[in-house]
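Tertiary structure, described
Here's the letter readout for the chains.
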Amino acid sequence: MKITIHKGTNEIGGSCIELSTNNSTILLDYGTPLQEDSTQIKIEKPIDAILVSHPHQDHFGEIANIDTTIPIYCGELAKELMNATKIFTGNAPLKNNFYTFKAWERFNIGDFTITPYLVDHSATDAYAFLVEADNQKVLYSGDFRANGRKSKLFDNIIKDKKLKNVDVLLMEGTMIQRSNHDFPDEQSVENKIYETIKSDDQISFMIGSSQNIDSIVSAYRACKKAGKIFVIDMYTAWILEKLKIVSSSIPNMSWDDVKVLRSFGKIYYDKISENPSHFGGFKSKIYDDGNHIQLDEIKLSPNKFFIKMSPSFIEKSIQKLEVDNANIIYSQWLGYLKEEFNNQKSIEILKRLEEKYNWVYAHTSGHADLEALQMFASSINPKKLIPIHTEHKEEFENYFDNVAVLEDNEVYEIGQSLSVHQVNELNKIFKNDLES
Ligand SMILES: [Zn+2]
């Protein structure tokens, strides 16, 4: 088997790995880069399929721009969440040729046998893939963590005998130089939110991803404990409706203490109306079944409410509600406050909210910290560990055994002792020796 990381050896996001045998070629993820100055490769050669590890844009975004006959393999919920992202960001629903798999159920594509392992990550329906071909095994970790509400999945993977001693482990390293100490898990996030909102004096807002279900659950649980009504925008309401595919215990708009905000709903309402076949009876469920609420009603006793919505609507809501102060729970990556990862207008809104109101950071990372990465790698004990989804691949050798560092687009053949890049580097050194 040959491995080519087209993107991801030097950056977080835009992941794309090609695996090939003599007869078959697949891609693991085909994401849109997060960094403004990075572009994804175009697929020129024929490929048998693309496997999407999870519904984050930096892992699937580019499937919208390919030949729609190429089969896309993903989880059933992941497919719905990818479509939600596209539609609510103003794009058409995906027209790809989707095949959905089930966790832990093997399937074949050409020479490859694939087993998807459900993992704990800030995206729901996220998988690691065990790929077998040519009597070799590759495990791609995808994005994962041990600190979410499904950390049991991490424990299961590191104990799984089938994954021991794989030939190659392609492992993400987002957090290798970052710390998660302030919020080691979702319980600590929930506690912080509860401590912030429990006093009965002011309204609370939350900024965060509508698809980070663990953090939505943390916020809901804190609200319930504090006796607040949990109010969500229509996009979040749609995501929570789709979550019913996998769980009946995740809050949704039919619950008594959950309401959908109707104010500022036009931006969502228009997108729902443009895709009637996609959304089915969702609109009538919001309006006809009385699951909605307006700001006028919230204005009567703002302190009873906790609203999950976008930062620009938070600013407008505060004006309409005419309140002096508010709790702003910031529950997402701090990188979105920086220019490299967000647009100027959004940053300005966030900074204004931070300055004017009671701004509280409460967020745990979607990615494994160094300790969890080390536990993962040492339990799997791969013959080679190749870094991906990291800005610090050169650090891997300091923390893990059997590391093989690749460059983007370098072809690595399993079983070879040196990568092409390493051979080239050695050649350069010997050449210098001869010439000096
Ligand atoms: Zn991710």
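All chains use their own residue numbering, which begins from 1 and follows the written sequence. Local features in this predicted model are restricted to residues of pLDDT 70 or higher, and side-chain atom pairs are both shown and tallied only at a pLDDT of 80 or more, whereas totals for entire chains, interfaces and linings draw on every residue.

Some thoughts on unusual backbone geometry
Rule in force here: What counts as a helix is a DSSP run of H or I of at least four residues, what counts as a strand is a run of E of at least two, and both are numbered from the N terminus.
One non-glycine residue with positive phi stands out, namely Asp-29, at about 70°. Here Asp-29 shows up in the loop between strand E3 (25-28) and strand E4 (49-51). Backbone geometry places Asn-381, a non-glycine residue, at a positive phi of 50°. You can see Asn-381 is positioned in the loop between helix H13 (370-380) and strand E19 (384-388).

Some words on helix H3 (residues 151-159)
Which entries qualify depends on this criterion: Residue burial is a threshold on neighbouring C-beta atoms within 10 Å of the residue's own C-beta, all placed from the backbone, with 20 or more meaning buried, 12 or fewer meaning exposed, and counts in between meaning partly exposed. When we speak of the arc, we mean the arc of directions from the helix axis to the C-beta atoms. Contact between two residues is assigned when their C-beta atoms, built from the backbone, lie within 7 Å.
Along H3, the positions that sit buried rather than exposed are Leu-153, Phe-154 and Ile-157. Looking straight down H3, one finds that the buried residues subtend no more than 105° of arc, so they occupy a single side. Exposed residues on H3 whose side chains face more than 90 degrees from its buried face are Lys-152 and Lys-159. Packed against the buried residues of H3 are strand E8 (112-119), strand E9 (126-133) and H13.

Points about the domain arrangement of the chain
Going by this rule: Here the bounds of each domain stem from an automatic or database domain assignment. Any residue outside Ala, Val, Leu, Ile, Met, Phe, Trp, Tyr, Cys, Pro, Asp, Glu, Lys and Arg is labelled polar, Gly included; the first ten of those are nonpolar and the last four are charged.
Under the domain assignment, the chain is made up of domain 1 (2-178 + 366-435) and domain 2 (186-361). Placing the centre of domain 1 and that of domain 2 at their C-alpha centroids yields a distance of 32 Å. Between domain 1 and domain 2, the contact holds 17 residues from the first and 19 residues from the second. Considering only residue class, the side of domain 1 that touches domain 2 consists of 9 nonpolar, 4 polar and 4 charged.

Thoughts on the environment of Asp-185
Along the chain, Asp-185 falls in the loop between strand E11 (168-172) and helix H4 (186-197). Separated by 77 residues in the primary sequence, Asp-185 and Asn-108 place their C-alpha atoms 36 Å from one another. Non-local contacts of Asp-185, meaning those with residues more than four positions away in its chain, are made with Asn-147 and Thr-364.

Observations concerning the sheet that holds E3
So the rule is basically this: Only strands joined by at least two bridges in the DSSP assignment are considered to pair. Orientation is described by axes fitted as lines to C-alpha atoms, over the contacting stretch for helices, and by angles from 0 to 180 degrees between their N-to-C directions.
Reading across from one edge, E6-E5-E4-E3-E2-E1-E20 is the order of the 7 strands in this open sheet, with mixed pairing throughout. Only two strands of the sheet have a single partner each, and these edge strands are strand E6 (97-101) and strand E20 (411-413). When strand polarity is set aside, the average angle formed by the axes of neighbouring strands in this sheet is 25°. Taken strand by strand, helix H2 (residues 76-88) contacts strand E5 (71-75) and E6, and its axis lies near 105° from that of E5.

What about the sheet that holds strand E7 (residues 107-109)?
The strand order E7-E8-E9-E10-E11-E19 describes an open sheet built from 6 strands, whose pairing is mixed. Edge positions in the open sheet fall to E7 and E19, since each of these has one partner strand only. Pairs of neighbouring strands in the sheet enclose a mean axial angle of 25°, with direction left out of account. The sheet strands contacting H13 are strand E10 (136-140), E11 and E19, and the helix crosses E11 at an angle near 175°.

Considerations on the packing of H4 against helix H5 (residues 213-226)
Pairs of packed helices are described in terms of their axes, by the angle between the two and the distance that separates them. The criterion, for reference: Any angle that falls under 35 degrees is termed roughly parallel, while one over 145 is termed roughly antiparallel, one within 65 to 115 roughly perpendicular, and all others oblique. Handedness of each helix crossing follows the sense of rotation of the near helix against the far helix: counterclockwise by less than a right angle gives left-handed, clockwise gives right-handed.
Direction vectors running N to C along H4 and H5 enclose 40°, while the axes themselves pass 8 Å from each other. Between H4 and H5, the angle is such that the two are oblique. Between H4 and H5 lies a crossing whose hand is right-handed. Each of Glu-186, Val-189, Glu-190, Ile-193, Tyr-194 and Ile-197 in H4 lies in contact with H5, whose residues at this interface are Asp-214, Ser-215, Ser-218, Ala-219, Arg-221, Ala-222, Lys-225 and Ala-226. Here the residues of the contact of H4 with H5 sort into 7 nonpolar, 2 polar and 5 charged.

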